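# Fold and geometry: a report
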Amino acid sequence: MIFALVDCNNFYASCETLFQPKLQGRPVVVLSNNDGCVVARSAEAKALGIPMGEPWHKLKALARLHGIVPLSSNYALYGDMSARVMRLLSTFSPVQDVYSVDECFLDLTGAQPSPLECARTIRYEVKRQIGLPVCVGLGPTKTLAKLANHVAKKRPQYEGVFSWHGLPTAEIAALMTSFPVNEVWGVGSRLTARLNAIGISTVRDLQQAHPATIRKQFNVCLERTVRELNGELCFGLMTSPTERQQIFSSRSFGQLISDLSPLEESVAAYATRAAEKLRTQQLLTREVGVMLRTNPFRTDLPQYQRSVSIAIPPTDDTRLIAQAAIKLLRTIYRPGFAYQKTGILLTNLISIHNRQPDLFEDVVGLSRSQSLMTAVDSINRMMGRGTIKLLAEGTDQRWAMKAEKRSPRYTTRLDELPLATTG
DNA sequence: TCTGGGGTCCTAGGACCC
DNA sequence: TCTGGGGTCCTAGGACCC
């Protein structure tokens, strides 16, 4: 098997510069919701040493000094660009496993004239047809393909495409020794600390570790990773999209909130979002959960956090989900705290096609509910999200998050199309 | 003043069963 | 004094990913 991992370089930042060429060559950062943390950086911003996840307010001085351009995240734009990239990539292999918004695995086994040549074509065509830079890593397992992609990004001599295949053993060993163990897919900060403590600090160290010992001292996941580093297949491609197990919708507020009624509005709004996701994926939920919490960074304020859930008959009806959520919220709400976030969790999902009919169910009500939701979805799709919404979501939504620096939704909104200017 | 929003999988431990 | 053994299911929590 030869897997390819195709990953867009600095995806969000690249999408922004594609539509604003004047940003090219400048340090650009894309911020999370509420303009809170840095979630993407251009190459120039990375060169300034800005870490991923850094709170924006800590960077203001550095930003002034270097002319860093901050942008709010524009998920409509990124989602659309992602779909274009994935559609193009799907033409290069019969087997595509979309792993995240900006990366996917392809099975390039038997690609002509060779997997490596095919990978170079992929890189060239994505740039030519869509305008986004990607790197491609090739390997016999997903873990090695991920690592190869990292090599392709970090070592310019490979020009964005790297394969382990056919490399002399000594060269492979040298490369693996030159990368720290935390670059391995599945090794995060906690594991890195524990691995370092027992003398495993490079990728090469982990590759040479004894799988059974690793399993005993850590867990099966890490054991599989060690095996994959040695070319043994443990993680297969997800050829058909697996069914979601849960749907989450939550947001931090633009400001802290103490009163129950705006909290109820936010919960109703997130329930609406979650129910929309449910319907586009043709799923029903059988359990609704609500979470509520204060801002854990505000150590000067009293802290409170709770979540609760309840089983409900299978549904995708926004009204029923929102009703259940508001009821739950009232049971965990306590006055006297400054809340930062609420969220909705839908679990115990089933496919709409697998619903077990109930002998006593209200058949007429059910079909009315379905027609209503279909109508609401199509109106909101045509006229923009939120055209029709629950009154419970509130009309002014003072709790809504901040996104003050968002670029136009160039590719998905007619009124925000970029126009050529003359003269 | 200001710190994201989604997801996945695995494990340990408790409740409960016979 | 001495108090079974094996199984399933569920939940909370911890680790990871982008």
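Residues numbered from 1 in each chain as written. Chains lettered and ligands numbered in written order. Predicted model: local features only at pLDDT ≥ 70, side-chain atom pairs only at ≥ 80, totals over all residues. Heavy atoms only, no water.

## Here's the deal with unusual backbone geometry
A negative phi angle characterises most non-glycine residues, just as the trans form characterises most peptide bonds. Cis geometry marks the peptide bond from Gln-112 to Pro-113; its omega dihedral reads -5°. Inspection of the secondary structure puts Pro-113 in the loop between strand E6 (103-107) and helix H5 (115-129). The backbone of Asn-34 sits at a positive phi, close to 65°, despite the residue not being glycine. Mapping Asn-34 onto the fold places it in the loop between strand E2 (28-31) and strand E3 (38-41). Located in the positive-phi region is Asp-35, a residue other than glycine, with phi close to 50°. For Asp-35, a relative accessible area of 9% puts it in the buried group. (Helix = DSSP H or I, 4+ residues; strand = E, 2+ residues; numbered from the N terminus. Buried < 20%, exposed > 50% of the residue type's maximum accessible area, 1.4 Å probe, protein only.)

## Considerations on the packing of aromatic side chains
Here the structure, examined in full by the defined rule, presents 18 aromatic pairs. Between Phe-11 and Tyr-12 the ring centres are 5.9 Å apart and the planes differ by 50°, which places this aromatic pair in the tilted class. Ring geometry for Tyr-333 and Tyr-339: centres 5.9 Å apart, planes at 45°, overall tilted. Taken as a pair, Tyr-333 and Tyr-339 share a single burial class, namely buried. Chaining the aromatic ring pairs together yields one cluster made of Phe-11, Tyr-12, Tyr-75 and Tyr-78. Positioned over the ring face of Phe-105 is Lys-142, at 4.8 Å from the centre of the ring. (Phe/Tyr/Trp six-rings, centres within 6.5 Å; stacked < 30°, edge-to-face > 60°. Lys NZ or Arg CZ within 6 Å of the ring centre and 35° of its normal.)

## Description of the protein's contact with DNA strand C
Near DNA strand C you find 13 residues, and of these Asp-102, Lys-146, Gly-188, Arg-190 and Leu-191 are the closest. A share of 100% of the atoms of DNA strand C within 4 Å of the protein falls on sugar and phosphate groups. Residue assignment for the surface near DNA strand C shows that the elements contributing at least two residues are strand E5 (96-100) and helix H8 (189-197). Across the surface near DNA strand C, the residue classes tally to five nonpolar, four polar and four charged. (Near = heavy atom within 4 Å. Nonpolar A, V, L, I, M, F, W, Y, C, P; charged D, E, K, R; others polar.)

## Here's the deal with the protein's contact with DNA strand B
Lining the immediate environment of DNA strand B, one finds 25 residues, of which Phe-248, Ser-250, Arg-251, Ser-252 and Arg-298 sit closest. For DNA strand B, a phosphate oxygen lies 3.2 Å from a polar atom in the side chain of Gln-245. Residue assignment for the surface near DNA strand B shows that the elements contributing at least two residues are helix H11 (220-229), strand E9 (246-257) and strand E12 (339-347). Top element by residues in the surface near DNA strand B is E9. It accounts for seven residues. Its residues placed into classes, the surface near DNA strand B shows eight nonpolar, eleven polar and six charged. (Polar contact = N/O pair within 3.5 Å; in protein donor to acceptor, adjacent residues only side chain to side chain.)

## A short note on the sheet that holds E6
Strand order in the open sheet made by the five strands is E5-E6-E1-E7-E8, with mixed pairing throughout. On the outer flanks of this sheet lie E5 and strand E8 (161-163), each paired with one strand and no other. The mean angle between the axes of side-by-side strands here comes to 15°, regardless of whether they run parallel or antiparallel. Packing of helix H6 (residues 142-154) onto the sheet brings it into contact with strand E1 (3-8), E5, E6, strand E7 (134-139) and E8, and relative to E7 it is tilted by some 140°. (Pairing = 2+ DSSP bridges. Axes fitted to C-alpha atoms, helices over the stretch in contact; angles between N-to-C directions. Contact = heavy atoms within 4.5 Å.)

## With respect to the environment of Leu-31
Topologically, Leu-31 is positioned in strand E2. Assessed through its relative accessible area of 0%, Leu-31 is described here as buried. Sequence-wise, Leu-31 and Ser-73 are 42 residues apart; in three dimensions their C-alpha atoms are separated by 5.6 Å. Not counting residues within four places of it along the chain, the set of residues in contact with Leu-31 comprises Cys-37, Val-38, Val-39, Trp-56, Pro-70, Leu-71, Ser-72 and Ser-73.

## Remarks on the domain arrangement of chain A
Partitioning chain A into domains gives domain 1 (1-166), domain 2 (168-240) and domain 3 (246-393). Using only C-alpha atoms to locate each centre, domain 1 and domain 2 end up separated by 23 Å. Taken together, the contact between domain 1 and domain 2 spans 23 residues of the former and 22 residues of the latter. The junction of domain 1 with domain 2 conceals about 2,000 Å² of combined surface from both sides, 72% of it contributed by carbon and sulfur atoms. The tally of links between domain 1 and domain 2 comes to seven residue pairs in polar contact (both at pLDDT 80 or more). (Domains from an automatic or database assignment. Buried area = accessible area lost by both parts, 1.4 Å probe.)

## What about the side chain of Asp-107?
Checked against the element boundaries, Asp-107 lands in strand E6. One buried charged residue, Asp-107, remains without a salt bridge, the closest side chain of opposite sign being Lys-142 at 11 Å. (Lys, Arg positive; Asp, Glu negative; His and termini not counted. Salt bridge = Lys/Arg side-chain N within 4 Å of Asp/Glu carboxyl O.)

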